[in-house]
Amino acid sequence: MSLLVVGLSHRSAPVSVLERASLAADAKVKLLHDTLAAEPATEATVLATCNRIELYADVDKFHAGVAELSTLLAQHSGVALEELTPYLYVHYEDRAVHHLFSVACGLDSMVVGEGQILGQIKDALALGQDLHTAGRLINDLFQQALRVGKRAHSETGIDRAGQSLVTFGLEQLAVGTPVAEWAVGKRALVIGAGSMSSLAAATLARVGVAEIVVANRTADRAERLAEILVASGTGVSAVAVPMARVADELTRVDVVVSCTGATGLVLTADDVLDAVSWGSAGGLAPADRAEAGAAPQASQGLRPRTPAPQTPAGLEMADVVARLAAAAQTHGRIADAGAVRTIAGAVEVDGCPVGPDGRAALTGVDANSLELHGTWADQGEAAAQRQPRRSTRTQAHATTVRLALLDLAMPRDIDAAVHRIPGVRLVDIESLAEASADAPMAADVDAVRAIVAQEVAAFGAAQRAAHITPTVVALRAMAAEVVAMEVARLDGRVPDLDERQRAEVTQTVRRVVDKLLHAPTVRVKQLASEPGGAGYAEALRELFDLDPQTVASVSRADAADPMNDDDPGRAS
């Protein structure tokens, strides 16, 4: 076994690098084909998730394998090799096995103990099988990783140590409030209908949201997910809408979870700003509409998205400055109409009124005035930062969150700039990584680590023993051939033997050979299963002068025989 893994994850690389290095489906296929075309690799598969990219391969040369796999990852991820190299890690043979088993158990996940990784490992194996890039080693390794992961979840309390990324993300949105309490009655928009988005929708339904809208580029998948949610028995109302309706749906939901395979942004800062500006400028908030007895949005049709005039009444100047500063930074320190819509209509910038029609009001303002406005906004934010800092929970309760956004995509679906928009809370992969770094580890993690160590040793022993099996089989085949030749020679010398006598002589010779070979072959298998035991196969071939081609033919036949595979089918 010469297993090599080269990769990067949330533990080795910043989210900004992971985001750029993400692999689309076609890039995975091309990467695996190119890996097998490279000289050092004989089989391979790729494990690519929202927070890791790992290329597994069976190589015959370590240094050449590392160089080739690193180069291929850089080429297909679109990140230059010199930039990617500092974040890459390399594991070889038993350490590579240990790494994958730890990943399968959730020990290497952003949220320790989460079980979604098992499905992603299964997908990686299926991809290698579909493309015929996964050979005996990769199949054995990933099948065993799935079994180890399931064992860890069934025999320990690792599930208590962590949760799914979706649940953890919702907890971050709720900011200390129990998720079930925070979610009650909310309307949610789920963008995407893949495995992660489906899990997000199911989780939202389970924790008590009132309505879920599913948007996806493929309408059939969105409709199917909505049907499943309605039939789930949670009482949630669910509908599917085309992606073109996302901007409109933003004006009527409280929570958005997005996880698509898009290579660009799905929600821009302008999209979110428009939705929140409408909500803060006109009409009633969802809770207020309910208290006022307003009919549900679905029965009234979509509300107009044009911002209504605002009034400065009740706004403190410090609040105006802080909100304008946030808007200015969102739009690169340029106060255009979108950037100032959340500010009261009477605010002036260098004598120019900024109201609901901010773009017209700023027409003709020169660059110096805009720069002065940016400086003023920066000063306002700096003044706010000099105030005593409140705890995160205090700040969250002090500012009403009108729209909560959870971005689980890599690369990101939602513009990171939206976190500067007043009334918006964004949780993405980067913030989840920061939050999970301080999460407490459960005692069950130690039990899982013990399981991983045990399974790594067992897998290594099995692989080393399997490595010597073709040599032992070739040795026994040679012995059987010697017996047959000697019996034939005996027939020529003693032709008068009857069938019973000939059979007795043949059986006696075979028993003698079997007894002579039994102890050495059993012992050599035991020795070969121990660390450093790979040399025993070579010694056996040298001692008995076995033809290397014969051993190789036995290896090929053994690999092709489905009876020699405990589970030759797909991972389950």
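Summary of the structure given here.

Conventions adopted
Residues numbered from 1 in each chain as written. Predicted model: local features only at pLDDT ≥ 70, side-chain atom pairs only at ≥ 80, totals over all residues. Heavy atoms only, no water. Helix = DSSP H or I, 4+ residues; strand = E, 2+ residues; numbered from the N terminus. Buried < 20%, exposed > 50% of the residue type's maximum accessible area, 1.4 Å probe, protein only. Contact = heavy atoms within 4.5 Å. Areas by Shrake-Rupley, 256 points an atom, 1.4 Å probe, with all protein chains shown as cover. 1 Å grid on protein atoms, 1.4 Å probe; cavity = no way out; pocket = protein on both sides within 12 Å on 5 of 7 lines; lining within 4 Å. Points joined across faces, edges and corners; volume = space filled by probe spheres on them. Axes fitted to C-alpha atoms, helices over the stretch in contact; angles between N-to-C directions. Parallel < 35°, antiparallel > 145°, perpendicular 65-115°, else oblique. Left-handed = near helix turned anticlockwise from the far one by under 90°. Nonpolar A, V, L, I, M, F, W, Y, C, P; charged D, E, K, R; others polar. Pairing = 2+ DSSP bridges. Salt bridge = Lys/Arg side-chain N within 4 Å of Asp/Glu carboxyl O. Phe/Tyr/Trp six-rings, centres within 6.5 Å; stacked < 30°, edge-to-face > 60°.

Digging into the overall build of the protein
Then, in step 1: When helices and strands are counted, the protein shows 26 helices and twelve strands.
Then, in step 2: Looking at the 572 residues of the protein, the share that counts as buried comes to 46%.
Then, in step 3: In the protein, the share of contacts with a sequence separation of at least 24, taken over all contacts with a separation of at least 6, comes to 74%.
Then, in step 4: In the form shown here, the protein has an accessible surface area of approximately 27400 Å², with 54% of it arising from carbon and sulfur atoms.

Re the layout of surface pockets
Then, in step 1: Put simply, the second largest pocket is a space of about 1300 Å³.
Then, in step 2: As for the second largest pocket, its lining consists of 39 residues, and the residues nearest its centre are Lys28, Ala48, Ser195, Thr260 and Gly261.
Then, in step 3: The set of elements that each furnish at least two residues to the lining of the second largest pocket consists of α2 (25-37), β2 (41-49), α6 (116-130) and α11 (195-207).
Then, in step 4: In terms of residue count, the dominant contributor to the lining of the second largest pocket is α6 (six residues).

Observations concerning the packing of helix α9 (residues 165-174) against α11
Helix packing for two helices is described by the angle between their axes and how far apart those axes are.
Then, in step 1: The N-to-C vectors of α9 and α11 enclose an angle of 55 degrees; their axes lie 9 Å apart at closest approach. Relative to α11, the element α9 lies oblique. Here the hand of the crossing between α9 and α11 comes out right-handed. Note on element contacts: α11 touches α9 through Met196, Leu199, Ala200, Thr203, Leu204 and Arg206, opposite Leu165, Val166, Thr167 and Leu170.
Then, in step 2: For the contact of α9 with α11, the class distribution of residues is seven nonpolar, two polar and one charged.

Focus on the side chain of Thr203
Then, in step 1: Here Thr203 is to be found in helix α11.
Then, in step 2: Under the relative-accessibility criterion, Thr203 is labelled buried at 2%.
Then, in step 3: Ignoring any residue separated from it by four or fewer positions in sequence, one finds Thr203 in contact with Val166, Thr167 and Leu170.

As for the sheet that holds strand β5 (residues 187-191)
Then, in step 1: One open sheet accounts for six strands, arranged β7-β6-β5-β8-β11-β12; its pairing is parallel. Looking at strand neighbours, the two that pair on one side only are β7 (237-241) and β12 (424-428), the edges of this open sheet. Taking the axes of each pair of neighbouring strands and ignoring which way they run, one obtains an average angle of 15 degrees across the sheet.
Then, in step 2: Together, β6 (211-215) and β7 form the strand contacts of helix α12 (residues 219-230), whose direction differs from that of β7 by roughly 175 degrees.

Concerning the pattern of salt bridges
Then, in step 1: This model, assessed by the stated rule, comprises 22 salt bridges.
Then, in step 2: In this structure, the salt-bridge partner of Arg252 is Glu249, at a minimum N-O distance of 2.9 Å.
Then, in step 3: Overall, the relative accessible area of 5% leaves Arg252 in the buried class.
Then, in step 4: Each of Arg187, Glu211, Arg245, Glu249 and Arg252 takes part in salt bridges that share partners, so that together they form one network.

Here's the deal with the packing of aromatic side chains
Then, in step 1: All chains considered together, the criterion is met by three aromatic pairs.
Then, in step 2: On the numbers, 5.3 Å between centres and 80 degrees between planes, the contact of Tyr56 with Phe142 is edge-to-face. Pair noted here: Tyr56 is in strand β3 (residues 52-59) and Phe142 is in helix α7 (residues 136-155), with a separation of 86 residues, a long-range link. You'll find Tyr56 and Phe142 in the same group, each marked buried.

Points about the packing of α2 against helix α3 (residues 62-77)
Then, in step 1: Contact pair α2 / α3: the axes reach a minimum separation of 10 Å and the direction vectors enclose 155 degrees. Our classification of the angle between α2 and α3 gives roughly antiparallel. Considering the relative orientation of α2 and α3, their crossing is right-handed. Taken together, the residues of α3 that come into contact with α2 (itself represented by Ala27, Lys30, Leu31, Asp34 and Thr35) are Leu69, Leu72, Leu73 and His76.

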